[in-house]
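These are the residues of each chain, in order.
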Amino acid sequence: MKKNYVLDTNVLLHDPQAIFRFEDNTVFIPIFVIEEVDQFKREGSERGRNARTVSRLLDGLRERNGSLADGVPLDNGGFLRVVLPQTRGNLAVALDPTNADHAILQTAIDVQKSFPDHRTVLVTMDTNLRIRADALGVTPENYESQRVQIDQLDTGAVEITVSDETIDTFYEKHELPLPPGMTLNPNVFVQLRGSSDAHGGLGRWDASRQRIMPLRSVSDVMGIRPRNREQTFALDLLLDENIKLVTLVGKAGTGKTLLALAAALKRTIDEGAYSRVLVSRPIIPLGRDIGFLPGSVDEKLNPWLQPIFDNLELLISASSNKKNLSMHKLIQEGFIQVEPLTYIRGRSLPHQFLVVDEAQNLTPHEVKTIITRSGEGTKVVLTGDPYQIDNPYVDSASNGLTIVTDRFKQEKVAGHVVLSRGERSELAELASNLL
């Protein structure tokens, strides 16, 4: 049975192509959604770009196929209508009839009454609106396209129990096929378990060779040593020139940013594999914003980028050749560039090691913009914690970090690790687990 889908404004602002994602069903867009979209069209943000895209798409459908009020066919076999509710202010007592959300909800109620033989669904990313819709007898659904539940995100590692003889063969031949009938995504790490904890091995699945290959031997990267298995996995990806995209997901204190910067400095400064280290992060405040900051552009950005400078100073001071290194000198000579993501659109970045910190605060479109800036020979590393999101327009399932991790999991040029153990300090680990 075909369904009727009523779309909320936030769905279209999140994904302008949403009107084409409901197969051969009928999509209803309340006229109030068009009013709300119009309020954002002058913004220079992604939300503003999406608002303008929605307007162009609807106007194009109107010009090609006729009146949106009467309904127009879609290429996927569906149908689209822009509707005005027959009644307004007819909702339950205590609900503000002038509220745009309630006007959209009233539209869903009218559609449901007008088509009793079809199931009507209100699609919204607003949790409270879904609750109100359910209370008034309208079926609500979240917009699930471009969403990846964090508990379904691959960890980037598996454990395989094998015989002790198989592990001995792995060390002798430096490779091992997968057990019969088992499949893995490219660059998944493998923990080989033998008859005892003392008998095991670590490897990474090489999809090109169809073999589990040993990890590279890493003892010291800019004075930093891996403290656990996941950090060893992360450095293996970060130092592999064949892996062009690395995503590191983990809670605060697991070493995501520090490991990424350490590998970036080693590959760029020590080995000369890249022309420059470019480090960036989104400018989104934690808690209440303190307002405009005085000074030049650099002075305004310094508070936002200071965590990156702190990590760089730590790495350079811990490096064995620190006498020849100075963070300010490396920045002046162009080997290190730290800047906000605001200025990355339109750029082309060849032969660079790009580290994007706090990537969980980015939308999928913003992450796409960043990755498509990478030129020949560039490596992109995204780090973040999906449980610590400060951007009000994304959540743990819809942010760019989790989306790109899921979309690239079957690509040979990409690798992913979830870091679970905090190494910053005992206190930081307790705070992360208990609070």
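Fair warning: this is a prediction, and the values are worked out from it, not measured in the lab. (Residues numbered from 1 in each chain as written. Predicted model: local features only at pLDDT ≥ 70, side-chain atom pairs only at ≥ 80, totals over all residues. Heavy atoms only, no water.)

Colleague: Just to check I follow, could you spell out the overall build of the protein for this structure?
Modeller: Of the regular secondary structure elements, the protein holds 13 helices and 16 strands. Summarising its shape, the C-alpha atoms of the protein cover approximately 75 × 60 × 45 Å along the three principal directions. Relative to its 435 residues, the protein shows a buried fraction of 47%. Considering only residue pairs separated by 6 or more positions, the protein has 69% of its internal contacts joining residues 24 or more positions apart. Summed over all atoms, the accessible surface of the protein reaches about 21,700 Å², with 49% contributed by carbon and sulfur. (Helix = DSSP H or I, 4+ residues; strand = E, 2+ residues; numbered from the N terminus. Buried < 20%, exposed > 50% of the residue type's maximum accessible area, 1.4 Å probe, protein only. Contact = heavy atoms within 4.5 Å. Areas by Shrake-Rupley, 256 points an atom, 1.4 Å probe, with all protein chains shown as cover.)

Colleague: Can you help me understand the layout of surface pockets in this one?
Modeller: A probe matching the size of a water molecule, rolled over the atoms, marks out where space remains unfilled. Empty space within the largest pocket amounts to approximately 1,200 Å³. In terms of lining, the largest pocket is formed by 41 residues, of which the most central are Glu46, Thr363, Glu366, Asn391 and Tyr393. Elements with a minimum of two residues in the lining of the largest pocket: helix 1 (9-14), helix 2 (31-40), helix 3 (46-65), helix 5 (127-135) and helix 11 (364-371). Broken down by class, the residue content of the lining of the largest pocket amounts to 14 nonpolar, 14 polar and 13 charged. (1 Å grid on protein atoms, 1.4 Å probe; cavity = no way out; pocket = protein on both sides within 12 Å on 5 of 7 lines; lining within 4 Å. Points joined across faces, edges and corners; volume = space filled by probe spheres on them. Nonpolar A, V, L, I, M, F, W, Y, C, P; charged D, E, K, R; others polar.)

Colleague: It is not clear to me how the nonpolar core should be interpreted in this structure. Could you clarify?
Modeller: In globular proteins that are soluble, nonpolar side chains generally tend to be buried together. Judged by nonpolar contacts, the single largest core of 41 residues is most densely connected at Leu238, Leu265, Leu312, Leu315, Phe353 and Val355. If we ignore the near neighbours within four places in the chain, the residues touching leucine 238 are Val246, Leu248, Leu259, Ala260, Ala263, Phe353, Lys379 and Val381. Ranked by size, the runner-up nonpolar core spans 39 residues in total, among them Tyr5, Ala18, Val54 and Leu58. (Core = buried A, V, L, I, M, F, W, Y, C linked by side-chain atoms within 4.5 Å.)

Colleague: Can you help me understand unusual backbone geometry in this one?
Modeller: Where the residue is not glycine, phi is negative for most of them; where a peptide bond is considered, it is trans in most cases. Even without being glycine, histidine 174 reaches a positive phi, approximately 60 degrees. Its relative accessible area of 48% is what places histidine 174 among the partly exposed residues. Its identity as a non-glycine residue notwithstanding, glutamine 210 has a phi of 55 degrees, on the positive side. Checked against the element boundaries, glutamine 210 lands in the loop between strand 9 (200-206) and strand 10 (211-214). The exposure class of glutamine 210 is partly exposed, given its relative accessible area of 43%.

Colleague: Just checking my understanding: could you explain the packing of helix 7 (residues 229-238) against helix 8 (residues 256-270) for this structure?
Modeller: In helix packing, the relevant descriptors are the interaxial angle and the interaxial distance, both defined with respect to the helix axes. Here helix 7 crosses helix 8 at 35 degrees, and the two axes come no closer than 10 Å. The chirality of how helix 7 crosses helix 8 is right-handed. Between helix 7, through Gln231, Ala234, Leu235 and Leu238, and helix 8, the contact on the second element is made entirely by Leu259, Ala260 and Ala263. Class assignment of the residues belonging to the contact of helix 7 with helix 8 gives a composition of six nonpolar, one polar and no charged. (Axes fitted to C-alpha atoms, helices over the stretch in contact; angles between N-to-C directions. Left-handed = near helix turned anticlockwise from the far one by under 90°.)

Colleague: Any chance you could explain the side chain of serine 280 here in plain terms?
Modeller: By the secondary structure assignment, serine 280 is in strand 12 (residues 276-280). The class of serine 280 is buried, set by a relative accessible area of 2%. In contact with serine 280, other than residues within four places in its own chain, are Ile308, Glu339, Pro340, Leu341, Val355, Val356 and Asp357.

Colleague: When you look at the pattern of salt bridges in this model, what are you seeing that I'm missing?
Modeller: Should the charged atoms of two oppositely charged side chains come close, the side chains can pair. For the coordinates displayed, the defined rule picks out 21 salt bridges. A salt bridge links aspartate 240 to arginine 204, with the nearest nitrogen and oxygen atoms 2.8 Å apart. In this pair, aspartate 240 sits in the loop between helix 7 and strand 11 (245-250) while arginine 204 sits in strand 9, placing the two residues 36 residues apart along the sequence. Aspartate 240 sits in the buried class, given a relative accessible area of 10%. Judged by its relative accessible area of 11%, arginine 204 falls in the buried class. The residue glutamate 271 makes a salt bridge to arginine 267 at a minimum N-O spacing of 2.5 Å. You can call glutamate 271 partly exposed: its relative accessible area is 41%. Put simply, Glu159, Arg193, Arg229 and Glu230 are held in one network by salt bridges that share partners. (Salt bridge = Lys/Arg side-chain N within 4 Å of Asp/Glu carboxyl O.)

Colleague: What's the story with the sheet that holds strand 3 (residues 72-73) in this structure? I'm lost.
Modeller: As a general point, the strands of a sheet are linked pairwise by backbone hydrogen bonds and lie either parallel or antiparallel. A sheet is described by the order of its strands in space; here six strands give the open sequence 3-4-2-1-5-6, paired in mixed fashion. Across the chains shown, the open sheet's two edge strands, defined by having one partner strand only, are strand 3 and strand 6 (139-141). The pairing of strand 1 (residues 3-7) with strand 5 (residues 119-123) spans five bridges and is classified as parallel. Counted as the bridge partner of asparagine 4 is threonine 120 from strand 5. Each of strand 1, strand 2 (26-30) and strand 4 (79-83) touches helix 2; the most contacted strand, strand 2, lies at about 60 degrees to it. Packing against the sheet, helix 5 makes contact with strand 5 and strand 6, and its axis sits at approximately 160 degrees to strand 6. (Pairing = 2+ DSSP bridges.)

Colleague: How should the pairing of strand 11 be read in this particular structure?
Modeller: Of all six residues in strand 11, six are buried; the element is thus mostly enclosed. The alternating pattern of strand 11 places Leu245, Thr247 and Val249 on one face and Val246, Leu248 and Gly250 on the opposite face, and all of these are buried. Looking at chain direction, strand 11 and strand 15 (residues 379-384) are connected through five bridges and run parallel. In the strand pairing of strand 15, threonine 247 is matched with leucine 382. Bridging between strand 11 and strand 16 (residues 414-419) involves six bridges; their strand directions are parallel. Its bridge partner being in strand 16, leucine 245 is matched across the sheet by alanine 414.

Colleague: Would you mind going over the packing of aromatic side chains with me for this structure?
Modeller: Both the distance between ring centres and the angle between the ring planes are used here to describe each pair of aromatic rings. Overall, the coordinates contain six aromatic pairs when judged by the stated rule. Residues tyrosine 274 and phenylalanine 353 carry aromatic rings whose centres are separated by 5.4 Å and whose planes lie at 85 degrees to one another, so their mutual orientation is edge-to-face. You can see tyrosine 274 sitting in the loop between helix 8 and strand 12 and its partner phenylalanine 353 sitting in strand 14 (residues 352-356), a full 79 residues away along the chain. We note that tyrosine 274, like phenylalanine 353, is buried. (Phe/Tyr/Trp six-rings, centres within 6.5 Å; stacked < 30°, edge-to-face > 60°.)

In short, the description is geometric, and any link to function would need to be established separately.
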